[in-house]
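Breakdown of the fold
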Amino acid sequence: MRKAGITVFLFLLFSVTTYPASAVQDVAVGVLGFRGAELEAGRWQATADYLSEAVPGYRFRIIPLNLEALHRQAGEGRLDFVITNSGDYVVLEAGLGATRIATLKRGPTALGESAYGAVIITRKDSGIRTLEQLAGKSLAAVGPDSFGGFQMAWREMHEAGLDPYDDLSRLEFLGVPQDRIARAVLAGEVDGGTMCSYAFNE
């Protein structure tokens, strides 16, 4: 598993227009939803409420989106800000010219959480113990543009001389929540799966 610092990027896509003090302008904040719309909306609502009070004339609205919808709405100019992960930020910067204005780096939690990465899982009885042994097998992932849910594992497979698009019997993208991937592996529907994970300090 390759580790990377946990970083959430908040960046500006389009300038917010100035309006008279008497008007209240909506500010759309797209949030990449990992665990469903309701959970992500609740997680960031306090931030939106604070900003709405701190910045007169503006009401900040949290819009939880999956990766595809976030990219589509950003490209259509429907979002003023986006909160997403570091890998997705690079994609949006290159494709849309997005610019980061703030970053959030999580420190260690009570469990010692300190890094973000990816993991490839298989059933214990699969006989698969190395990346090379995935050749000719099936693999489930979140999506082709998912940083922790595919791209990190893709890099590790590439380092091992394995192309997930050419060397697997099947590459299946199941989306979020990532529970779908674990369930598919446990049920024997795929030989392996990859998803984002956390590393902990001892």
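So, here's what we can say about the structure.

Rules of the game
- Residues numbered from 1 in each chain as written.
- Predicted model: local features only at pLDDT ≥ 70, side-chain atom pairs only at ≥ 80, totals over all residues.
- Heavy atoms only, no water.
- Patch = residues over 30% accessible without salt bridge, like charges linked within 9 Å, V, L, I, M, F, W, Y side chains within 5 Å.
- Areas by Shrake-Rupley, 256 points an atom, 1.4 Å probe, with all protein chains shown as cover.
- Salt bridge = Lys/Arg side-chain N within 4 Å of Asp/Glu carboxyl O.
- Helix = DSSP H or I, 4+ residues; strand = E, 2+ residues; numbered from the N terminus.
- Pairing = 2+ DSSP bridges.
- Right-handed = clockwise from strand over helix to strand, strands pointing away.
- Axes fitted to C-alpha atoms, helices over the stretch in contact; angles between N-to-C directions.
- Parallel < 35°, antiparallel > 145°, perpendicular 65-115°, else oblique.
- Left-handed = near helix turned anticlockwise from the far one by under 90°.
- Contact = heavy atoms within 4.5 Å.
- Nonpolar A, V, L, I, M, F, W, Y, C, P; charged D, E, K, R; others polar.
- Core = buried A, V, L, I, M, F, W, Y, C linked by side-chain atoms within 4.5 Å.
- Buried < 20%, exposed > 50% of the residue type's maximum accessible area, 1.4 Å probe, protein only.
- Polar contact = N/O pair within 3.5 Å; in protein donor to acceptor, adjacent residues only side chain to side chain.

1. Remarks on a nonpolar patch on the surface
- There is a patch of nonpolar side chains on the surface, built from W154, Y165 and F173 and spanning about 280 Å² of accessible area.
- With respect to the element layout, F173 can be found in strand β8 (residues 170–173).

2. Considering the pairing of β8
- Of the strand pairs in this sheet, strand β7 (residues 138–141) and β8 are connected by 4 bridges, and their pairing is parallel. Pairing of S138 across the sheet is with R170, part of β8.
- In this view, the connection linking β7 to its parallel neighbour β8 by way of helix α4 (residues 147–159) has right-handed handedness.

3. Brief notes about the packing of helix α2 (residues 67–75) against helix α3 (residues 86–96)
- Their axes nearest at 11 Å, the elements α2 and α3 cross at an angle of 30 degrees. Taken together, the axes of α2 and α3 lie roughly parallel to each other. Like other packed secondary-structure pairs, α2 and α3 cross with a definite hand, here right-handed. Of the residues in α3, those in contact with L67, L70, H71, A74 and G75 of α2 are D88, V91, L92 and L96.
- Its residues assigned to classes, the contact of α2 with α3 shows 6 nonpolar, 2 polar and 1 charged.

4. Considerations on the nonpolar core
- Of all hydrophobic cores here, the largest spans 12 residues; its members are A28, L32, I63, L65, L67, A69, L70, A74, L79, V82, L92 and A98.
- The set of elements that each furnish at least two residues to this core consists of β2 (25–32), β3 (58–65) and α2.
- For this core, the element with the most residues is α2, which contributes 4 residues.

5. Examining the environment of E189
- Relative to the helices and strands, E189 is located in the loop between α5 (179–186) and β9 (192–200).
- On the accessibility criterion, E189 (54% relative accessible area) is exposed.
- The spacing of E189 and L139 is 50 residues in sequence and 9.4 Å in space, taken between C-alpha atoms.
- In this view, E189 contacts S138, R170 and A184; residues no more than four positions away in its chain are not counted.

6. Describing α2
- Every buried residue of α2 is listed here: L67, A69, L70, H71, Q73 and A74.
- In this structure, the buried residues of α2 make contact with β2, β3, β4 (81–85) and α3.
- For α2, the capping residue at the N-terminal end is N66, with a side-chain oxygen 3.3 Å from the backbone nitrogen of E68.
- G77 sits one or two residues past α2 and shows a positive phi near 75 degrees.

7. Quick notes on the environment of F147
- Its place among the elements puts F147 in helix α4.
- Remark: the alpha-carbon pair of F147 and C196, spanning 49 residues in sequence, is separated by 8.0 Å.

8. Digging into the pattern of salt bridges
- Tallied over the full model, the rule gives 7 salt bridges.
- In this structure, the salt-bridge partner of D125 is R123, at a minimum N-O distance of 2.8 Å.
- A salt bridge links E172 to R170; its shortest N-O distance comes to 3.2 Å.
- With relative accessibility at 31%, the residue E172 sits in the partly exposed group.
- The partly exposed category is assigned to R170, whose relative accessible area is 36%.
- Taken together, the shared-partner salt bridges in this structure form one network comprising D26, R59 and R61.

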